[in-house]
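A structural walkthrough
The residues making up each chain are set out below.
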Amino acid sequence: MYQPGWRPLAFALAAVLACSGAARAGQPSNISLQSGNSLVVRVPDLRRIAVGDGKIAGVVSVGNSEVLISGRAPGQTTVILWSGSSGQYVYSVNVTDPVLDRLSAMLRAAITDPKVSVVTTNTAILVRGTVDDGARFEALSETLSRFEKLETSQKYTIVNAVTIAHPWGGLQATLDAMAPGGNVRIEADSSGNAIVSGEVTDRVQAEAILGLVRGLAGTYLGANGKVIDRLDMRSVSQVQVKIRILEVDSTGLKQLGIRLQSGTPSSSGLQLGGPSFPIFEAARGVGQGFSIGAFYRTIVLAPTIDLLIQDGTAKSLAEPTLMTMPGKEATFLVGGEIPVPISAGLGAVSIDYKEFGVKLKMTPTILASGAVDTIVAPEVSSLDFTDGVIVAGFSIPAIKTSRLSTEVVTKPGESIVMGGLVQHIESRVIQKIPLLGDLPIIGKLFRSTLYQSSNSDVVFVMTPEIVTK
């Protein structure tokens, strides 16, 4: 693209080169000019001319001692001139685009970071160097994006090759303070994720580090970036959960709430009649779960439960102890499985099994503070033959189910108490005189039926502990 404004500069360059005698014979010389511009080099007793790529530079002799070199297209080539008296002259000619040069000059003025440089290569602009942190990199990227939107007669590529000296700002220094020794590192992958690796003491320290990274690394993550845990622990932490499953009647529910509210922990055990502690509100009836407040350790809870069992108002159904890794589900079932026939087509029948009884699912997680976050899902189910169905000649009972799910945070050793799961039991007792009670029609006169119905509440008492090995 020829621009008249560049003619004075071209002639000035030509005059300087012409007066300087160009390059010395046998020594290569560099020439840089823009496309559409020319310059004159002086060669005494000119005999022959050669150019590597005529599309980049044009060469024309002017008499016997001068050569006109013109820039045609951006690129680099070689021009060789032979002199009858001085030998061979070699020129490395670099032709640039004037528009690209102006864009480069504007970029150099816009970028103020001293460690970033701008280099022009043919039809591209290379921005290279380092910046201190991610904030400076974002500002630089924003500046480059504005230049990419400029409308020119030709499309130019701006390549951002700038690297970040401290990509996570002060986060790495904070991690070094939390885990001395430089064992914990944070790095980014190609998907914008933050990978936390290294060795820590235990799971509690690992959760503290991961929580810090999740809170401070948000601006450094990609659009769908995540914090990936690659930490190794010197000691393994597991969660042990001691469970007591009780069947408590309405009297026991009230006693459990009242005794816990009036119990005072002491070095000798449980003292009744002391000041009130807001542990649980007394349940007002069967099926009404506890209103959970502050939790006390089992030094208060265990003697109270033992008193209820001794009074006969509560019955212990099971006392398992579960051990699981943090974040892994642990399950427990007291009951059984009932076979259920399922049609498999063409008269074939397959058998599936459905669980019933008292079931518990729990997923504990260790928090950075050392507390235990537990997702608890207890379930109580029983067989109901009254509402059952008959399939393929099989009598299949219905399953009555009560379930709930919640998430509770406790300190290690504190107990979680969950009620409100009703177990409804109906029984029918037939009393009759032998033989006479089986007679048709009049047999009803010689037999009687007694219906009994009872409701009880199944209470789960769970105590998580952190076990480190």
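Calculation criteria
Residues numbered from 1 in each chain as written. Predicted model: local features only at pLDDT ≥ 70, side-chain atom pairs only at ≥ 80, totals over all residues. Heavy atoms only, no water. Helix = DSSP H or I, 4+ residues; strand = E, 2+ residues; numbered from the N terminus. Buried < 20%, exposed > 50% of the residue type's maximum accessible area, 1.4 Å probe, protein only. Contact = heavy atoms within 4.5 Å. Areas by Shrake-Rupley, 256 points an atom, 1.4 Å probe, with all protein chains shown as cover. Salt bridge = Lys/Arg side-chain N within 4 Å of Asp/Glu carboxyl O. Axes fitted to C-alpha atoms, helices over the stretch in contact; angles between N-to-C directions. Parallel < 35°, antiparallel > 145°, perpendicular 65-115°, else oblique. Left-handed = near helix turned anticlockwise from the far one by under 90°. Patch = residues over 30% accessible without salt bridge, like charges linked within 9 Å, V, L, I, M, F, W, Y side chains within 5 Å. Polar contact = N/O pair within 3.5 Å; in protein donor to acceptor, adjacent residues only side chain to side chain. Pairing = 2+ DSSP bridges. Nonpolar A, V, L, I, M, F, W, Y, C, P; charged D, E, K, R; others polar. Core = buried A, V, L, I, M, F, W, Y, C linked by side-chain atoms within 4.5 Å. Expected span 1.5 Å × (residues − 1). pLDDT = per-residue confidence, 0-100.

Digging into the overall build of the protein chain
When helices and strands are tallied, the protein chain shows seven helices and 25 strands. Of all 469 residues assigned to the protein chain, the portion counted as buried reaches 36%. Put simply, of all contacts in the protein chain between residues at least 6 apart along the chain, 62% involve residues at least 24 apart. Just so you have it, the protein chain exposes about 25,700 Å², and 53% of that area is on carbon and sulfur atoms.

Description of the pattern of salt bridges
Taken as a whole and judged by the stated rule, the model has 12 salt bridges. The partner of Asp 132 in a salt bridge is Arg 136, and the shortest N-O contact between them spans 3.8 Å. The class for Arg 136 is partly exposed, based on a relative accessible area of 44%. Residues Arg 146 and Glu 142 are paired through a salt bridge, measuring 3.6 Å at the closest nitrogen-oxygen approach. With Arg 146 and Glu 142 both in helix α3 (residues 134–148) and four residues apart, the pair spans about one turn of that helix. For Arg 146, a relative accessible area of 57% gives the class exposed. Bridged by salt links that share partners, the residues Asp 113, Asp 132 and Arg 136 form one connected network.

Details of the packing of helix α2 (residues 98–110) against α3
Where α2 meets α3, the closest approach of the two axes is 11 Å, and the angle between their N-to-C directions is 155°. Overall, the two elements α2 and α3 adopt an arrangement that is roughly antiparallel. At the point where α2 passes α3, the crossing takes the right-handed sense. Together, Leu 103, Met 106, Leu 107 and Ala 110 of α2 and Thr 143, Leu 144 and Phe 147 of α3 make up the contact between the two elements.

Some points on the environment of Thr 130
The residue Thr 130 is located in strand β9 (residues 124–133) in this model. Its relative accessible area of 30% is what places Thr 130 among the partly exposed residues. Sequence separation of Thr 130 and Pro 114 is 16 residues, and the distance between their C-alpha atoms is 9.1 Å. Look past the residues within four positions of Thr 130 in its chain and what remains in contact with it is Asp 113, Lys 115, Val 116, Val 162 and Thr 163.

What to know about a nonpolar patch on the surface
A surface patch of nonpolar side chains, about 400 Å² in accessible area, is lined by Val 349, Ile 351, Tyr 353 and Phe 394. Looking at the nonpolar patch, the element that brings in the most residues is strand β20 (residues 348–366), giving three residues. Among the structural elements, Val 349 can be located in strand β20.

Observations concerning the side chain of Ser 83
Mapped onto the fold, Ser 83 is located in strand β6 (residues 75–83). We classify Ser 83 as buried; its relative accessible area is 10%. A polar contact is formed between the side chain of Ser 83 and the backbone nitrogen of Ser 86, at a distance of 3.1 Å. Each residue touching Ser 83, except ones within four places of it in the same chain, is listed here: Val 43, Pro 44, Asp 45, Arg 47 and Tyr 89.

Some details on unusual backbone geometry
A positive phi angle, close to 55°, is found at Asp 45, a residue other than glycine. Note that Asp 45 resides in the loop between β2 (38–42) and β3 (46–51). Classification of Asp 45 by relative accessible area gives partly exposed; the value is 32%.

Considering the sheet that holds β9
With mixed pairing, three strands are arranged side by side in an open sheet as β8-β9-β10. Pairing within the sheet leaves two strands with one partner each, and these edge strands are β8 (116–121) and β10 (157–166). Mean inter-strand twist for the sheet, computed between neighbouring axes without regard to direction, equals 15°. Strand direction decides the pairing type here: β8 and β9, joined by six bridges, are antiparallel.

Some words on the packing of helix α4 (residues 171–178) against helix α5 (residues 203–216)
It is the contact of α4 with α5, at a shortest axis distance of 11 Å, that shows an interaxial angle of 165°. Accordingly, the angle class assigned to the pair α4 and α5 is roughly antiparallel. In terms of crossing hand, the pair formed by α4 and α5 is right-handed. Of α5, the residues touching α4 (which contributes Leu 171, Thr 174, Leu 175 and Met 178) are Gln 205, Ala 208, Ile 209, Leu 212, Val 213 and Leu 216. The class makeup of the residues in the contact of α4 with α5 is eight nonpolar, two polar and no charged.

Digging into the nonpolar core
Counting 21 residues, the largest nonpolar core has Ile 243, Ile 245, Leu 360, Met 362, Phe 460 and Met 462 as the members making the most contacts within it. Every element with two or more residues in this core is listed here: β14 (237–248), β19 (330–345), β20, β21 (372–391), β24 (416–432) and β25 (447–468).

Brief notes about α2
Helical periodicity: at 3.6 residues per turn, an α-helix aligns residues three or four positions apart in one direction. Over its 13 residues, α2 extends 18 Å from the first C-alpha to the last, a length consistent with the 18 Å expected when each residue adds 1.5 Å. In this structure, the buried side of α2 is in contact with β1 (29–34), β7 (87–96), β8, β9, α3 and β10. Here α2 starts with a cap whose side-chain oxygen sits 3.0 Å from the backbone nitrogen of Val 99, and that cap is Asp 97.

Examining the confidence of the model for the protein chain
Looking at the protein chain, pLDDT values average 75 and 74% of them are 70 or higher. Confidence over residues 1–22 falls short of pLDDT 50; this stretch has 24 contacts with residues more than four positions distant or in other chains. Contacts for the low-pLDDT stretch residues 258–299, under 50 throughout, to residues beyond four places or in other chains number 100 contacts.

Examining the sheet that holds strand β4 (residues 57–62)
If you trace the three strands from one edge of the open sheet to the other, you get β2-β5-β4, paired in antiparallel fashion. Bordering the open sheet on either side are β2 and β4, each of which pairs with just one other strand. Mean inter-strand twist for the sheet, computed between neighbouring axes without regard to direction, equals 25°. Summarising the sheet, β2 and strand β5 (residues 66–71) pair through five bridges and their orientation is antiparallel. The residue bridging Val 40 from the neighbouring strand is Leu 68, located in β5.

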